[in-house]
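Geometric and topological summary
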Amino acid sequence: MKPGIHPDYRPVVFRDKAGDFAFLTRSTMTSDQSVEWEDGRTYPVVDVEISSASHPFYTGTQRVLDTAGRVERFERRYGRGRGRR
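Mapped onto the elements, Asp-32 comes out in the loop between β2 (21-27) and β3 (34-36). A C-alpha to C-alpha distance of 8.0 Å links Asp-32 and Val-45, two positions 13 residues apart in sequence.

Below, the discussion takes up a positive patch on the surface. A cluster of basic residues, Arg-70, Arg-73, Arg-76 and Arg-77, forms a positive patch at the surface. Mapped onto the elements of the fold, Arg-76 is located in helix α2 (residues 67-78). Arg-76 gets classed as exposed once you look at its relative accessible area, which sits at 66%.

It is worth spelling out the packing of aromatic side chains at this point. Enumeration over the complete set of coordinates arrives at three aromatic pairs. Here Phe-21 and Phe-23 contribute two aromatic rings whose centre-to-centre distance is 5.8 Å and whose plane-to-plane angle is 40°, an arrangement assigned as tilted. A relative accessible area of 32% places Phe-21 in the partly exposed class. Taking the centre distance of 4.9 Å and the plane angle of 45° together, the rings of Phe-74 and Tyr-78 count as tilted. Placement of both Phe-74 and Tyr-78 in helix α2 is noted, with a separation of four residues, approximately one turn of the helix.

What follows is about the pairing of strand β4 (residues 42-48). The sheet contact formed by strand β1 (residues 10-16) and β4 spans four bridges and is parallel. Bridged to Phe-14 within β4 is Val-46. Note: β3 against β4, three bridges, orientation antiparallel. Following the sheet pairing, Ser-34 is matched in β4 by Pro-44. Taking the residues that link successive antiparallel strands as the turn, the β3-β4 hairpin has five residues, and the phi of Gly-40 there is positive, at about 90°.

The rules we used
- Residues numbered from 1 in each chain as written.
- Predicted model: local features only at pLDDT ≥ 70, side-chain atom pairs only at ≥ 80, totals over all residues.
- Heavy atoms only, no water.
- Helix = DSSP H or I, 4+ residues; strand = E, 2+ residues; numbered from the N terminus.
- Patch = residues over 30% accessible without salt bridge, like charges linked within 9 Å, V, L, I, M, F, W, Y side chains within 5 Å.
- Areas by Shrake-Rupley, 256 points an atom, 1.4 Å probe, with all protein chains shown as cover.
- Salt bridge = Lys/Arg side-chain N within 4 Å of Asp/Glu carboxyl O.
- Lys, Arg positive; Asp, Glu negative; His and termini not counted.
- Charge placed at Lys NZ, Arg CZ, Asp CG, Glu CD.
- Buried < 20%, exposed > 50% of the residue type's maximum accessible area, 1.4 Å probe, protein only.
- Phe/Tyr/Trp six-rings, centres within 6.5 Å; stacked < 30°, edge-to-face > 60°.
- Pairing = 2+ DSSP bridges.

Now the structure itself:
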């Protein structure tokens, strides 16, 4: 790797305010805000809108669409294959 051209890779806290969840990882993201972590050190914090704590897929609150029912209802209303032959 060429020296001096890569961004600084350091510990950063990502905070999901909707899910009241934060995690510490390494990243090249920068932030003007900082937070004191559980280990007593201060790290830059990046606020995110969605994480695994608030995303419907990971929390199990995802809605399942009944696409088969929609197709059947459409076919009942408008007939199957009308106009196609």
